[in-house]
Amino acid sequence: MKLLYPVKVQNDFIFNPSPRDFTVDEIPLYAFTGEGEHLILHVRKKDLTTWEMIGIIARFLDIKVKDIGYAGLKDKHAMTMQYISLLAKGNEERLQSFSHDKIKILSMQRHNNKIRTGHLKGNRFRIRLKKVLGVQKNKLDSVLKWVKANGVPNYFGNQRFGNDGNNWQEGKAIVEGKLKMRNRKTKSFLLNAYQSYLFNGWLSKRMELSMLLASFSEAEVEQLWQLPEGSLVGTKQQPHFFKLLEGDLMMHYPFGRVFELDSLESEASRFGAFDIAPSGLLAGKRVSRANGIAGMIEQEFDVEIGENGARRYAWIKVTDIKKTYVEEKAHYELEFTLPKGSYATNVLDVLRGGGMEE
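Below you will find a few notes about this structure. (Residues numbered from 1 in each chain as written. Predicted model: local features only at pLDDT ≥ 70, side-chain atom pairs only at ≥ 80, totals over all residues. Heavy atoms only, no water.)

### Things to note about the overall build of the protein chain
A tally of regular secondary structure across the protein chain gives eight helices and 16 strands. For 358 residues, the compact-globule estimate of 2.2 N^0.38 gives 21 Å, and the protein chain sits close to it at 22 Å. Across its three principal axes, the protein chain shows a C-alpha extent of roughly 70 × 55 × 40 Å. A total of 358 residues make up the protein chain; the buried ones form 50% of that total. Of all intrachain contacts in the protein chain linking residues separated by at least 6 positions in sequence, the fraction that spans at least 24 positions is 74%. As displayed, the protein chain offers around 17,700 Å² of accessible surface, 48% of which is attributable to carbon and sulfur atoms. Mean positive and mean negative side-chain charge positions of the protein chain (53 and 43 charges, respectively) differ by 6 Å. (Helix = DSSP H or I, 4+ residues; strand = E, 2+ residues; numbered from the N terminus. Rg over C-alpha atoms; globule rule 2.2 N^0.38 Å. Buried < 20%, exposed > 50% of the residue type's maximum accessible area, 1.4 Å probe, protein only. Contact = heavy atoms within 4.5 Å. Areas by Shrake-Rupley, 256 points an atom, 1.4 Å probe, with all protein chains shown as cover. Lys, Arg positive; Asp, Glu negative; His and termini not counted. Charge placed at Lys NZ, Arg CZ, Asp CG, Glu CD.)

Below, the structure written as structure tokens:
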């Protein structure tokens, strides 16, 4: 699948995802109370997945993995900080002697409830790009200015699809009845990967449409894509690169309910101000579908999947951007914050100025 990006300036730099050059710091959804029966651990790890880290702590305490709560999964090839929870009774004192060369407990505090998946605002990323010479530095500055003003597409990153990038194929085989999977957790994981693959396909299609509208008239694009005459009227003059369509389902940003686009002109203006953002379909049960011309495009990526569906932001804002250029080392050090469920690779790919193949 070809994933498309709006910036066509080609930037060459080296990024090696490693604890030395890639840091992720989880931003909790709420402040912890300091009291209660649960213990919140602020944990730093490297060269481990979140599941591997949780398994190590669970074995040390002789408790079940499911007794440890977490908000989100963090990259293995990074230095990551995140919060996990477990019952304080019988564990708080034992953790004082915990020691591991790839895990460090930074702090412990009490809280009233277990951390649940999704209980985070977002993540703060710190990334070091290497071999950035003067002319490349200027190009990166320019593209970063565009990212700050416009945001980035919210593709699922490669890590969503496993080491070989083909988890979605097994999920598709399950949906088509070609593969049986008894383990419920593994089955759900593979189906989620297929949902993500379909979402990426839809987003790439909408990105292609937006790119065409930047170069051709609405009537020409309608003819090229064999869309109903007049279905794209009012799209080209929208202020944002990513063009909204009649029938799109919007979401209040960065949190909020789903609602159908009412006025193309006014909603496009609100999207430009990041008050709202368009959403894409994670195919499945009990989820709203787009209508109109947006629904026609979405149908191509709508499959009956035995998991609950959802709507996902198609476009996200990149906030708290900071950059430092270390000229003597040709390093471009970058910091930014993304909402939960979003991938730093989307920012890097826009900075690189091209698409990527999966």
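### Looking at unusual backbone geometry
Between tyrosine 253 and proline 254 the backbone carries a cis peptide bond, its omega angle lying at 5°. Tracing the backbone through its elements, the reader meets proline 254 in the loop between strand E9 (249–252) and strand E10 (258–260). In this structure, aspartate 62 is a non-glycine residue whose phi angle is positive, near 60°. Relative to the assigned elements, aspartate 62 resides in the loop between helix H1 (50–61) and strand E4 (69–70). Even without a glycine there, the phi angle at aspartate 320 is positive, about 50°. Here aspartate 320 falls in the exposed class, since its relative accessible area comes to 52%.

### Describing the sheet that holds E10
In spatial order, the strands read E10-E9-E11-E12; together these four strands make up an open sheet with antiparallel pairing. Pairing within the sheet leaves two strands with one partner each, and these edge strands are E10 and strand E12 (310–313). The mean inter-strand angle of the sheet, taken between neighbouring strand axes irrespective of direction, is 50°. In the sheet, E9 pairs with strand E11 (residues 276–282) via three bridges, with the strands oriented antiparallel. Of the residues in E11, the one forming a bridge with histidine 252 is isoleucine 276. Contacting E11 and E12, helix H4 (residues 184–215) crosses the sheet at an angle of about 130° to E11. (Pairing = 2+ DSSP bridges. Axes fitted to C-alpha atoms, helices over the stretch in contact; angles between N-to-C directions.)

### Some words on the nonpolar core
One finds Leu129, Phe336 and Leu351 to be the most contacted residues of the largest nonpolar core, which totals 77 residues. A total of 14 residues in this core trace back to one element, the largest contributor, which is H4. In this structure, leucine 351 is in contact with Asn11, Phe13, Leu140, Val143, Leu144 and Leu334, ignoring residues within four places of it in sequence. Among the nonpolar cores identified, the runner-up in size contains 19 residues, and Leu41, Ile68, Ile84 and Ile103 belong to it. (Core = buried A, V, L, I, M, F, W, Y, C linked by side-chain atoms within 4.5 Å.)

### Re helix H5 (residues 218–225)
Of the residues making up H5, those classed as buried are Glu218, Val221, Glu222 and Trp225. The buried residues of H5 all sit within an arc of 105° when viewed along its axis, so they share a single face. Exposed and facing more than 90 degrees away from the buried side of H5 are Ala219, Gln223 and Leu224. Residues of H5 that are buried in the fold lie against H4 and helix H7 (292–299). Just downstream of H5 lies glutamine 226, where phi reads positive at about 60°. (Arc of directions from axis to C-beta.)

### With respect to the environment of phenylalanine 336
Along the chain, phenylalanine 336 falls in strand E15 (residues 331–339). Judged by its relative accessible area of 1%, phenylalanine 336 falls in the buried class. On a C-alpha basis, the gap between phenylalanine 336 and serine 204 in space is 24 Å, while along the polypeptide they are 132 residues apart. Once you skip the residues sitting within four places of it in the chain, phenylalanine 336 turns out to touch Asn123, Arg124, Phe125, Ile127, Val318, Thr319, Asp320, Ile321, Ala344 and Val347.

### What about the packing of H4 against H7?
Axis separation between H4 and H7 bottoms out at 9 Å; the angle between their running directions is 130°. Considering the angle they form, H4 stands oblique to H7. For H4 against H7, the interelement crossing comes out right-handed. Of the residues in H7, those touching H4 at Trp202, Lys205, Arg206 and Leu209 are Ala294, Ile297 and Glu298. Residue composition of the contact of H4 with H7, grouped by class: four nonpolar, no polar and three charged. (Parallel < 35°, antiparallel > 145°, perpendicular 65-115°, else oblique. Left-handed = near helix turned anticlockwise from the far one by under 90°. Nonpolar A, V, L, I, M, F, W, Y, C, P; charged D, E, K, R; others polar.)

### What about the pairing of E9?
As paired strands, E9 and E10 are joined by three bridges and run antiparallel to one another. In the strand pairing of E10, methionine 250 is matched with phenylalanine 259. Counted between consecutive antiparallel strands, the loop separating E9 from E10 contains five residues, among which glycine 256 sits at a positive phi close to 150°.

### Some thoughts on the pattern of salt bridges
Using the criterion set out here, one finds 19 salt bridges in the structure. Close ionic contact of aspartate 21 with lysine 130 constitutes a salt bridge, the shortest N to O distance being 3.1 Å. Of the two residues, aspartate 21 sits in the loop between strand E1 (2–3) and strand E2 (22–28) while lysine 130 sits in the loop between strand E7 (120–129) and helix H2 (134–150), which places them 109 residues apart along the sequence. A residue is classified by how much of its surface remains accessible, and aspartate 21, at 5% relative accessible area, is buried. A relative accessible area of 24% means that lysine 130 is categorised as partly exposed. Among the ionic pairs, glutamate 333 bridges to arginine 128, the shortest N-O distance being 3.4 Å. Residue glutamate 333 is found in strand E15, and its partner arginine 128 is found in strand E7; the two are separated by 205 residues along the sequence. Among the residues examined, arginine 128 registers a relative accessible area of 22% and is labelled partly exposed. (Salt bridge = Lys/Arg side-chain N within 4 Å of Asp/Glu carboxyl O.)

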